Amino acid sequence: MTELTMERLRENLESLKMKNTLEILDNYLERAVKDELNVVDVLDHIFAEEALSKRRRAYEKQVQMSGFPIKKTLEDFDFSFQPSIDKRQIEELATMRFLENGENIVFLGPPGVGKTHLASALGLVAAKHRFSTYYINCHTLIEQLKKAHFENRLPDKLKTLGKYKMLIIDEIGYLPMDIQGANLFFQLIARRYERVSTIFTSNKTFSQWNEIFADVTIASAILDRVLHHCTVVNIKGESYRLKERKEYMKQKQRIVNTLFEQGQN
């Protein structure tokens, strides 16, 4: 193969945005010649690697745009520490069948038990399957909706939030919500109802959602739509943060004891 042909090949690969092939081309062609690979095998390998690279870049871009606060996977979750969670149920949710059916998930439990971890981990699975995914804290969501309403662009904002195949709304009930915020929240939920999936996390029981949304009627309307097609995961375990704190204090005490013993000697 002449240098002119190689240069033209590189230019065409760059024009086609086949970045991975451009990077591996020289080394792989040397190996192909050495191993006497036929043209079909060479093309099969190059295109397989290019497709894999494109899927990886698409996943990384989706994750970057999704706004996840943590990038921990389901494999990172310590199910042994939270026996109230049915691991098989979470694995079933990870198949994304609920997403294809436009169903919701609600993670309930006190702070620190892993609600955000599980919600974000399912979001990462969705992103890997090329589903549009977006994470947002509930307080931030309400502030954005209020701002959009004030600037007369609420329909556009609702349209944007309504198109995500998976929307994760985290920490419902951690901060109070006024009547305007509750109304705006309802509009978003109504727009997504039975069309696309939403994952909610909250430290409040459903009976306390009346307090969250400042109005019994609005709270009932929201709950009606949230729970109509929904999987509820109620987590009753200890806080991971308290667990880590206890482990840290134990380790610190061991160090102190060791230093004390060394000083005695």
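Anything mentioned here points back to the structure above.
The structure displayed is predicted, hence computed values, not measured ones. (Residues numbered from 1 in each chain as written. Predicted model: local features only at pLDDT ≥ 70, side-chain atom pairs only at ≥ 80, totals over all residues. Heavy atoms only, no water.)

Attention shifts here to the overall build of the protein. Within the protein, the secondary structure is distributed over twelve helices and five strands. For the protein, buried positions account for 38% of its 265 residues. The long-range share in the protein, meaning contacts at least 24 apart out of those at least 6 apart in sequence, stands at 79%. When the accessible surface of the protein is totalled, it reaches about 16,000 Å², and 51% of it is carbon and sulfur. (Helix = DSSP H or I, 4+ residues; strand = E, 2+ residues; numbered from the N terminus. Buried < 20%, exposed > 50% of the residue type's maximum accessible area, 1.4 Å probe, protein only. Contact = heavy atoms within 4.5 Å. Areas by Shrake-Rupley, 256 points an atom, 1.4 Å probe, with all protein chains shown as cover.)

Looking now at the nonpolar core. Ile169, Ile172, Phe185 and Phe213 are the most contacted members of the largest nonpolar core, which totals 31 residues. For this core, the secondary-structure elements that each account for two or more residues are β1 (104–108), β2 (133–137), α7 (138–150), α8 (154–163), β3 (166–172), α9 (179–192), α10 (209–212) and α11 (216–228). Counting 30 residues, the second-largest nonpolar core is a separate cluster that includes Ile85, Met96, Phe107 and Tyr135. (Core = buried A, V, L, I, M, F, W, Y, C linked by side-chain atoms within 4.5 Å.)

Let us now look at the pattern of salt bridges. According to the stated counting rule, one finds five salt bridges in the structure shown. Among the ionic pairs, lysine 147 bridges to glutamate 151, the shortest N-O distance being 2.8 Å. Residue lysine 147 is classed as partly exposed on the basis of its relative accessible area, which comes to 45%. Given the relative accessible area of 36%, glutamate 151 is considered partly exposed. Of the charged contacts, one joins glutamate 151 and arginine 153 as a salt bridge, the two residues approaching to 2.6 Å between their closest N and O atoms. Residue arginine 153 is classed as partly exposed on the basis of its relative accessible area, which comes to 31%. Overlapping salt bridges bring together Lys147, Glu151 and Arg153 as one network. (Salt bridge = Lys/Arg side-chain N within 4 Å of Asp/Glu carboxyl O.)

What follows is about the environment of alanine 121. Looking at the element boundaries, alanine 121 is found in helix α6 (residues 115–128). Residues alanine 121 and lysine 71, 50 residues apart in the sequence, show an inter-C-alpha distance of 7.1 Å. Sequence-distant contacts of alanine 121, that is, excluding residues within four places in its chain, are made with Lys72, Thr73 and Leu74.

Further remarks concern the packing of α7 against α8. Orientation of α7 relative to α8, taken along the N-to-C sense of each, is 145°, at an axis distance of 7 Å. Residues Leu141, Gln144, Leu145, Ala148 and His149 of α7 touch α8, and the partners they reach there are Leu154, Lys157, Leu158 and Leu161. Along the lines of polarity and charge, the residues of the contact of α7 with α8 split into six nonpolar, two polar and one charged. (Axes fitted to C-alpha atoms, helices over the stretch in contact; angles between N-to-C directions. Nonpolar A, V, L, I, M, F, W, Y, C, P; charged D, E, K, R; others polar.)

A surface patch of like charges, here positive, comprises Lys159, Lys163, Arg191 and Arg195. Structurally, the position occupied by arginine 191 is in helix α9. Taking the relative accessible area as the measure of exposure, arginine 191 reaches 35% and is therefore partly exposed. (Patch = residues over 30% accessible without salt bridge, like charges linked within 9 Å, V, L, I, M, F, W, Y side chains within 5 Å. Lys, Arg positive; Asp, Glu negative; His and termini not counted. Charge placed at Lys NZ, Arg CZ, Asp CG, Glu CD.)

Before going further, it helps to spend a moment on empty space enclosed by the protein. Applying the stated criterion across every chain yields a total of one cavity of 30 Å³ or more. Space inside the largest cavity adds up to approximately 60 Å³. The wall of the largest cavity is formed by Gly102, Asn104, Ile189, Arg192, Tyr193, Glu194, Val196, Thr198, Arg225 and His229. Of the residues in the lining of the largest cavity, the class split is three nonpolar, four polar and three charged. (1 Å grid on protein atoms, 1.4 Å probe; cavity = no way out; pocket = protein on both sides within 12 Å on 5 of 7 lines; lining within 4 Å. Points joined across faces, edges and corners; volume = space filled by probe spheres on them.)

Turning our attention to the pairing of strand β4 (residues 197–202). Counting buried positions along β4 yields six of six residues, so the element is predominantly enclosed. Residues Ser197, Ile199 and Thr201 of β4 are buried on one face, and the alternating residues Thr198, Phe200 and Ser202, pointing to the opposite face, are buried as well. Relative to β4, β1 runs parallel, the two sharing four bridges. Its bridge partner being in β4, isoleucine 105 is matched across the sheet by isoleucine 199. With α9 bridging β3 and the parallel β4, this β-α-β connection has right-handed handedness. (Pairing = 2+ DSSP bridges. Right-handed = clockwise from strand over helix to strand, strands pointing away.)

On the surface, a nonpolar cluster with roughly 300 Å² of combined accessible area is contributed by Val39, Leu43 and Phe47. Inspection of the secondary structure puts phenylalanine 47 in helix α3 (residues 39–66).

This part covers the pairing of β1. For β1, the buried fraction is high: five of the five residues fall into the buried class. Neither face of β1 is left uncovered, since the one carrying Asn104, Val106 and Leu108 and the one carrying Ile105 and Phe107 both have all their residues buried. In terms of strand pairing, β1 meets strand β5 (residues 230–234) through five bridges, oriented parallel. For isoleucine 105, the partnering residue across the bridge sits in β5 and is threonine 231.

Note that all results are geometric; they support no functional claim without further evidence.
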